[in-house]
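Commentary on secondary and tertiary structure
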Amino acid sequence: MEQPEGQAPNMAQSAASKLSQIGERTKQLGNAIQDPERQKRIILVIVCIALFLDNMLYMVIVPIIPDYLEGLQKAADHAQAAAVHTNSTNSTTHKVEKGNFDLQIGVLFASKAILQLLVNPLSGTFIDRVGYDIPLFIGLNVMFLSTLIFAFADNYATLFLARSMQGLGSAFADTSGIAMIADKYSEEKERSKALGIALAFISFGSLVAPPFGGVLYEFAGKRVPFLILACICLTDGILCLCVLKPFSNKERENMPVGTPIYKLMLDPYIAVVAGALTICNIPLAFLEPTIANWMEENMHSSQWEIGMTWFPAFFPHVLGVYLTVKLAAKYPHLQWFYGAIGMVFIGASSCTVPACKNFGQLMIPLCGICFGIAFVDTALLPTLGFLVDVRHVSVYGSVYAIADISYCVAYALGPVVAGQIVHDLGFVQLNLGMGLANVLYAPALLLLKNVTQMKPSFSERNMLLEDGPTGLYDTIKMEQREKKRKGLCTTIDENGIETFAQRSYSEEESSGGEYA
């Protein structure tokens, strides 16, 4: 009995030492997370997972929902056939419902982009007011709920609700995530690289989702792919809560007031970028709902070929992102040129799609379209951040809401309009029109040629004085930025008005310092 009593203090000491070790490791982990460089990387991981999930959920329903709804329709037809024995009434009803089936699928697919398009102006303003972390956390929660609803939905109305909720979550998560990357990676080279990585995850999610969903739906049922995505979304939300601590309110009170979204929309440079983002995504958005039927009718393609149509395009998309990031690092003043090259690539590739005679030939123009989109997106998304830095206030929620609106315009029209254009004009005319639009719009990017020569100090001073002599407003704005600046001095401008001028800019304040 004495030996166990003697061992009790030793066991207590060992337990206490283990607890202290665990406490030290937890403290070290907390310190590592608070390190600015590591925190930037963790934030990039959180945002990339959110963007990956959103695009996985956007495309995973492509092989699942039409077949699932068709099964529900057949079950309803059998139930009706059992109740009604009149053959003529039966056949007429079936034809009417079959005619509406494609429209129902198109509206279901487009509902996400339509709601996202409507919510984005509000979400951009909300992000500018409260910061980036709370909207990201809200978006992840809404996406988690929509994924669970997808898993357990058993009728069209519930699926429509889930799809619309995904658009609501995306309006917050996507916009705040991209804006957070632009805010944390304020140096232009780092920003281009970080946004390039985010675009690669967007592409990977979009292109890997149809095979992922199709295989799991075939062998494990409808619920499994959505439950897997819900688990990943929950994990990302917990990571966001632990690392970003969205409700701590540590920096929100010192945030500068962002430029209203309507003023950003009226900026000609931002308008040109937004137009380019919309037009370059139209071929992808319009081909996704129409190319499967065209392949069946003209190539007699098998189901596996239709399912794998877009997957090979992932590799040239990543290559395009990589090349644009490298070129932008060496020649940053040519961002507009990379975007123009991308639009020409998209236009030429879109025009050659109808000429393809087999699956192997079709891969070439589809890869060209995704390669061109990578060039445009990777060159112009950082340009939006730079334009806000030098022409407005360095708060990025509204400007990336405009970018998201640009994407949503294309993807809201695609599932609804593309099929009707093919029916009325033909598949060849659709592709020629999309290709011509991209080639003709490319010269408009010449307007961005001298953007990198703009000076942030001049633009910010104009921004502060554009609404007249609001001295208290100017003073508050400068006080909010005082912590971020190395020094401020008072100068007299050419009109004899006393203004604030910056003595030296920190890298965090101006991402365009190297171009000024």
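Everything below is about the structure shown above.
Here the structure is a predicted model, which is why all the values come from computation and not from measurement. (Residues numbered from 1 in each chain as written. Predicted model: local features only at pLDDT ≥ 70, side-chain atom pairs only at ≥ 80, totals over all residues. Heavy atoms only, no water.)

A separate point is the overall build of the protein chain. A count of helices and strands for the protein chain gives 19 helices and two strands. Looking at the 516 residues of the protein chain, the share that counts as buried comes to 50%. Look at the contacts in the protein chain between residues 6 or more apart in sequence, and 82% of them connect residues 24 or more apart. When the accessible surface of the protein chain is totalled, it reaches about 24,400 Å², and 64% of it is carbon and sulfur. (Helix = DSSP H or I, 4+ residues; strand = E, 2+ residues; numbered from the N terminus. Buried < 20%, exposed > 50% of the residue type's maximum accessible area, 1.4 Å probe, protein only. Contact = heavy atoms within 4.5 Å. Areas by Shrake-Rupley, 256 points an atom, 1.4 Å probe, with all protein chains shown as cover.)

Attention now moves to the nonpolar core. Membership of the largest hydrophobic core comes to 125 residues, with the highest contact counts inside it found for Leu136 and Tyr400. Residue assignment places this core across two domains, with domain 1 (31-75 + 97-248) and domain 2 (259-466) each supplying three or more. In this structure, Ala328, Tyr338, Phe371 and Ala379 belong to the second largest nonpolar core, which totals five residues. (Core = buried A, V, L, I, M, F, W, Y, C linked by side-chain atoms within 4.5 Å. Domains from an automatic or database assignment.)

The next subject is the packing of aromatic side chains. The final tally for this structure, using the stated rule, is 11 aromatic pairs. Taken together, Phe52, Phe204, Phe314 and Phe315 form an aromatic cluster joined through their ring pairs. The ring of Tyr185 carries Lys40 above its face, with NZ or CZ at 4.8 Å from the centroid. For the cation-ring pair, Arg163 lies above Phe109, with the distance from its terminal atom to the ring centre recorded as 5.7 Å. (Phe/Tyr/Trp six-rings, centres within 6.5 Å; stacked < 30°, edge-to-face > 60°. Lys NZ or Arg CZ within 6 Å of the ring centre and 35° of its normal.)

As for its position among the elements, Ile114 is in helix α4 (residues 87-130). Linking Ile114 and Ser164, residues 50 residues apart in sequence, is a C-alpha distance of 8.3 Å.

As a further point, take the pattern of salt bridges. Enumeration according to the criterion identifies four salt bridges in this entry. One salt bridge in this structure joins Arg191 and Asp389, with 3.1 Å as the shortest N-O distance. Of this pair, Arg191 sits in helix α7 (residues 188-220) while Asp389 is found in helix α15 (residues 359-391), placing the two residues 198 residues apart along the sequence. The residues Arg191 and Asp389 share a single accessibility class, namely buried. Across the pair Asp267 and Arg391 runs a salt bridge, and its minimum N-O distance is 2.7 Å. Here Asp267, found in the loop between α9 (261-266) and α10 (268-287), pairs with Arg391, found in helix α15; they are 124 residues apart in sequence, far enough to count as distant. (Salt bridge = Lys/Arg side-chain N within 4 Å of Asp/Glu carboxyl O.)

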